[in-house]
Structure formats: structure tokens, C-alpha cells
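Residue-level structural notes
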Amino acid sequence: MDMQGPLQGSDAPAVKGVNPAATLQSFGYTGREGTAAEHPAEAHCRLIKGTSDGVGSRYLMRDRSTHPSPTLATRQGRASGWFGVLCVLAVLALCVALIPDYWRIRGFPLDDAWIHAVYARSVARGDGLSYNPGVPATGETSPLWAVVLAVAHLGNADAERAVLVTKLLGFLLHALTAAGLYIAFQDSGRRWAASAALLVLVSPHLIAASLSGMEVPLATCMAVGFLLALRSERPWLYVLCGVLGPLARPEVGLFLFLLPLVVRPQPGWKPVLRRWFQAGVGVAIGGGAWALWNLHASGRPLPATFYAKVGASNQLPLLATQWAGFFRVVPELSWPGPVLAALVVVAGGVLVLRRVPPSSPERLAAGLVGAALVFCSVSQALLRQPAAQIFYVQRYLLPAIPFLLAAPPLLLGRWLEARLATRGPWLATTVAALLPLTLATGLPARLTRLENDAHNIDDLQVQGGRLLAKASPDEVVWVLDAGAPRFFGQAFVVDMVGLNTPEMLTEGAQAYLDQHPPRFIEWAQGWAAIQPDDRNTGMRAVHRFQTTTDYTVTREQALARRLLLECAPGTSGIYERAPRRWRYTCAMAPSASAPGEEHPVRLAGGRLPARQLPGTAHGG
């Protein structure tokens, strides 16, 4: 009996309570690929219910059970790949067009990026993680980032080339983050996976972070890599993630234990515990090796940043920090407050409703929202810093932002598609495209701020570092911003904050300072106070630094001005950085000429005062 003709006609009736595919299977009929043929009415119903693949109405009358041929799938994959490459190049070209000076003549928007450059250059030269040449240090909170950036410093690269390569490497990692999300979200349909990836790719704050010289793009790329590794059946791959993750940024290791709660290939707790064990093994290997290095360099198992910041800067109440972070910083970095609140409500509803399958894209997106919020909460609890809308504070939350940005297309994509299907396939595609385009409107303002921040750092820290390039390696300078002075300068640098000079965080700090008497001291109002014993001859200003544009690196405008001071040989005094005070005695053998013009410093009351501000310790 030939049943193919009447059942594949466009006017075939639908029988209530009868599954056409199941009926055909009972008669032994199969489609072209060996599966039961599907009734056109059933295909239409599936499209209206939002279970179609969103390809378009031209597929309504086809056999929906027929899978694309391998050749067609390969072509579609290549087309998606080329489309992604074109999007990346377009975004990069837009960044160059919007801030050409940032690519040609500017450095980095934080002095901390120059600290990373110092360690990367040391790795490239074979000296390991050293700050002063040949002296191991623990100021690098992202050892893996120093290894990656070492590429920019190979072959004795000059500063201009190293800076450009660093920015390009950061943007490449940012692009890989977006590509990884597209791969992870393909089950939700190509258009919604592409929308989620593009939201991350065009995010103004993530783009600015990727060009900053900081380790943020490496951290976001690692977090997405964890997500992809969880879908693999190779246990060693997740162990490797455990090894590398904390080396990219210590807090990123938290995702190793949060994401297995989101991605569960099998129900129950056994798969979760298995992944936690694999991650724990990796963290023990990578973290153990790092702890051994820290013990070797400083006698303490953790990097100096932990003791300088986490151990000393927890001054704000925990609840106040959380409130300000979630209501000010997170909405600025991801979605506006009302949109973010709606996103959290929808994600919570998906997690609570049991009728949503565990393996569905909606459940994955909801879980990623939860993991991102937990990460932000833990980061804020560790730092307890003011929720200022500046990159220095924002960067600690940015590794979680890709998950928040990518969630809406996954949560609402198929729901929207089901309601827009009757109006044509292009309407859903238009909605998917509008989301990234709307987010990208903030890019010009954010990149302008990025360029101005870098201009500030060039005026202050970089200019000071270039001035110190005339000093002798035997001379010592005490600094507060320790990146550019060490990268460009020749003098031995003592980091008074302690991030790169761990001895400053111990009880033996005074003995260490006695062994390294200063020839030069950097001073900035709000950071330190200097009181020479002889106010008439104790200090001379080598150079005064002032920003030539509005100061936007921090909200403390006093930091827009600073001095590089020269100690008179043999003079002494008190250096104070509340709550600690140290005595100094200037070096006895100055060079023949100072690296700049000397100017007398008028000391009010015999001292250079400081108003100590909370949370102003830079670095790491």
C-alpha cells in the first residue's frame, strides 16, 4: 500500500489524538534517513510551539526529520566562522577609528598594566617572575598572563611594539571568549547563539578591558573555556583547567566549582562531585606550584597582593559593599538596573520550574546568571572597596560579565521565536541583531574614557619612569605606583605599597629600607607624608608632574599631581603611610647629575603632608 502520496500532500488532515509519525512507524514506514516521516501538520505545530530550529518558513513543507547532509553542515559551519571573523575585524577597525591615538602613542589606562609588562619582560628574558632584575618577587597575581605577554617582549622589543602587541593579544582573547560562547550555546539555535556571542564581542567594558594590558580578557577566556571543557568526556581536560584557571586570576578558580552545578550531563550529584574532584586536583597542582614560588620569593605562600589588599583593605561593611556593587557597578558593566532585575527574576523562575528540562538552553542560561552573581558577590566580599565607577574597581567583576550579557538571548530566544514565527523568520533575526547593536552604542564613550585614562597615566607614571631612565641601576627610588617607573627606569625600585617589594609587608620593613637608602622618592598627596629632619636641605623636587587632561583614573583629584623628589646626601627624616611610619636616610653617593631640573620644595610645617585614603593601594 502506497501511503507516501496522500500523507505528504499539503491538504492532509490532522487527526486529533493521533501522532502521525508514530502511526507511520507502526506500519514500518521510514523516511529517507531511516527515521519516521513527519506529517506537515505536526511540523507546523512544532514551529508554532517554538521547537523548530528557526531556519525559516521555507522548511515547513519538508521532511523535518531529515538532517542536513555533512556537506551542508560543513558549509554552514564555514559560513558561521567567516561571519564571526568579519565581525571581529569590524569591531577592531571601529576601535582603531574611534581612538586612533590610543593605538599610536598611548600606553595603558592603569599603572598596574605596566607591572604586568615588567614581569612579562622578565619572563621573556629568562629571569622568571622578577620585578627588579634578578630579584624574585610575588607582585604578579596572574602568572599565566605574564607568560602570555612574554610574546610581546621577545627579541628586545621596544616599548611601542610591546604595547601594541599586548593590546592586540588582549583583543584576540576577547574575541576567543565570544567565539567560545557561540560554540557553547549552539543548542539554542544559530541566531540566538550568535546574538549572545555578539553581545559579549561588542560590550564596551569588555572591549576596553581587553585593550587595557590587564589580565581581564585572559580571565574571561578561561571562564568560557571551563564551560566548554565541562561538555567534554575527557577528565584530564578539566584537571588542566584547574591547573591554569587560578594562574590566570585567582578568583576565576571559583567558576571551576560553580559551573559543574550548571552543566550536568547526568542527573544527580555524582557528576558534580566528579568534576569538583578533577578541579581540585588541578588547583592543587597549579596552586601548589605557585605557592612554592611565593614561598621561595617572599617566605609567604600567597602573592603579596593578598596581604596588601585583602588582608588590609577590608574597611567597608560587607552589606554596604554588596549593595553598592550590585546596584551600581554590576548594572553599569552589564545591563541597566531594571533589565538586570528582570533577568534575575526570569533566571530564578527557570531554575525553580521543574518543567524546564535540565539540558535546555534556558536552564543553562539561568544557571550562568546565578554563577555570575555568586562570583561578583565573592569578589566584592574579598576586596571591600568603594563601589566606584572606575576601571580599577570594575576589573574584579568583569570575568563574570560575559555570562550576564549572553543570558537574555538564551532565556528568551525560543520563546520569542515561537511568537514571531507566523510573521516570518526575519523578525526574530532582527530582534537577535538589535540586542548587540543597542549595547554597542555605549562604545564611543567608553573608549574615549579608556584613552583619557591612558593619557593620565602617560602624563604621570610613564613620564616619571622615562625620567628615571637617566638614573643609575645602583641608585634607589621609593615609589607608590610601581609599574612604569620600573619598566622605563633604570634605578632599583622599592614599592612602598608592598605589592612588588614583599619585605614592606613584614616586620622587617625598616631593616629592608635601611639596606636600600633612597636617592629619589615619589610623592603624591593622599598617599604618603614625608617629614625631613632638616626642612631646608632635606628634599629637592626633580620634577613636578601634572595631567594635561581631566583626571579620570580615580575619583581622587589630588592624585593628578605628584613630585619626584631627590634626597640630599646623608639627610634623614620620616616617611609615613598610615598607619605605618619608617625612618629614611638618603643615599650618600649621588650620581654626577640628577635626571632633571632641581627645584626647591617648600614644606608647610616642615613636611609633605598626606591624607591617607582607603582602598588606594594599586597593583596586582
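For the structure, see preceding data.
Presented here is a report on the structure given in the accompanying data block. (Residues numbered from 1 in each chain as written. Predicted model: local features only at pLDDT ≥ 70, side-chain atom pairs only at ≥ 80, totals over all residues. Heavy atoms only, no water.)

It is worth spelling out the packing of helix α12 (residues 235-248) against helix α14 (residues 270-298) at this point. Taken N-terminus to C-terminus, the directions of α12 and α14 make an angle of 40 degrees; their axes are 7 Å apart at the nearest point. With respect to each other, α12 and α14 are oriented oblique. α12 and α14 meet at a crossing whose hand is right-handed. Residues Pro235, Tyr238, Val239, Gly242, Val243, Pro246 and Leu247 of α12 touch α14, and the partners they reach there are Arg275, Gln278, Ala279, Val281, Gly282, Val283, Ile285, Gly286 and Trp290. Grouping the constituent residues of the contact of α12 with α14 by class yields 11 nonpolar, four polar and one charged. (Axes fitted to C-alpha atoms, helices over the stretch in contact; angles between N-to-C directions. Helix = DSSP H or I, 4+ residues; strand = E, 2+ residues; numbered from the N terminus. Parallel < 35°, antiparallel > 145°, perpendicular 65-115°, else oblique. Left-handed = near helix turned anticlockwise from the far one by under 90°. Contact = heavy atoms within 4.5 Å. Nonpolar A, V, L, I, M, F, W, Y, C, P; charged D, E, K, R; others polar.)

This part takes up the sheet that holds strand β7 (residues 572-577). Ordered by their spatial adjacency, three strands build an open sheet running β4-β7-β8, and the pairing between neighbours is antiparallel. Only two strands of the sheet have a single neighbouring strand rather than two, namely β4 (529-532) and β8 (580-585). Neighbouring strand axes in the sheet, compared pairwise and without regard to direction, differ in orientation by 20 degrees on average. As judged from the four bridges shared by β4 and β7, these two strands associate in the antiparallel manner. What sits directly across from Gln531, in β7, is Ile574. (Pairing = 2+ DSSP bridges.)

This paragraph deals with the nonpolar core. If you look at the biggest cluster of nonpolar residues, it comprises 162 residues, and the most contacted ones within it are Trp114, Phe185, Phe255, Phe403 and Tyr575. Setting aside chain neighbours within four positions, we find Trp114 in contact with Gly107, Phe108, Val163, Ile457, Val462, Gly483, Ala484, Phe487 and Phe488. (Core = buried A, V, L, I, M, F, W, Y, C linked by side-chain atoms within 4.5 Å. Buried < 20%, exposed > 50% of the residue type's maximum accessible area, 1.4 Å probe, protein only.)

On to the state of the cysteines, then. Enumeration over the complete set of coordinates arrives at one disulfide. Linked covalently through their sulfurs, Cys567 and Cys586 form a disulfide whose S-S length is 2.5 Å. Disulfide Cys567 to Cys586: torsion about the S-S bond roughly -55 degrees, handedness left-handed. Taken as a pair, Cys567 in strand β6 (residues 561-567) and Cys586 in the loop between β8 and β9 (599-600) lie far apart in primary sequence, 19 residues in all. (Disulfide = S-S within 2.5 Å.)

With that settled, consider the side chain of Arg363. Structurally, Arg363 can be placed in helix α18 (residues 361-383). For the buried Arg363, which has no salt bridge, the nearest side chain bearing the opposite charge is Glu362, at an N-O separation of 8.2 Å. For Arg363, the residues in contact, after removing those within four places along its chain, are Val350, Leu351, Leu353, Arg354, Val356, Pro357 and Pro358. (Lys, Arg positive; Asp, Glu negative; His and termini not counted. Salt bridge = Lys/Arg side-chain N within 4 Å of Asp/Glu carboxyl O.)

Of the two faces of strand β2 (residues 492-495), the one lined by Phe492 and Val494 and the one lined by Val493 and Asp495 are each fully buried. Judged from the four bridges that link them, strand β1 (residues 476-479) and β2 form a sheet pairing that is parallel. In the strand pairing of β2, Val476 is matched with Phe492.

Read these as geometric descriptors, not functional statements.
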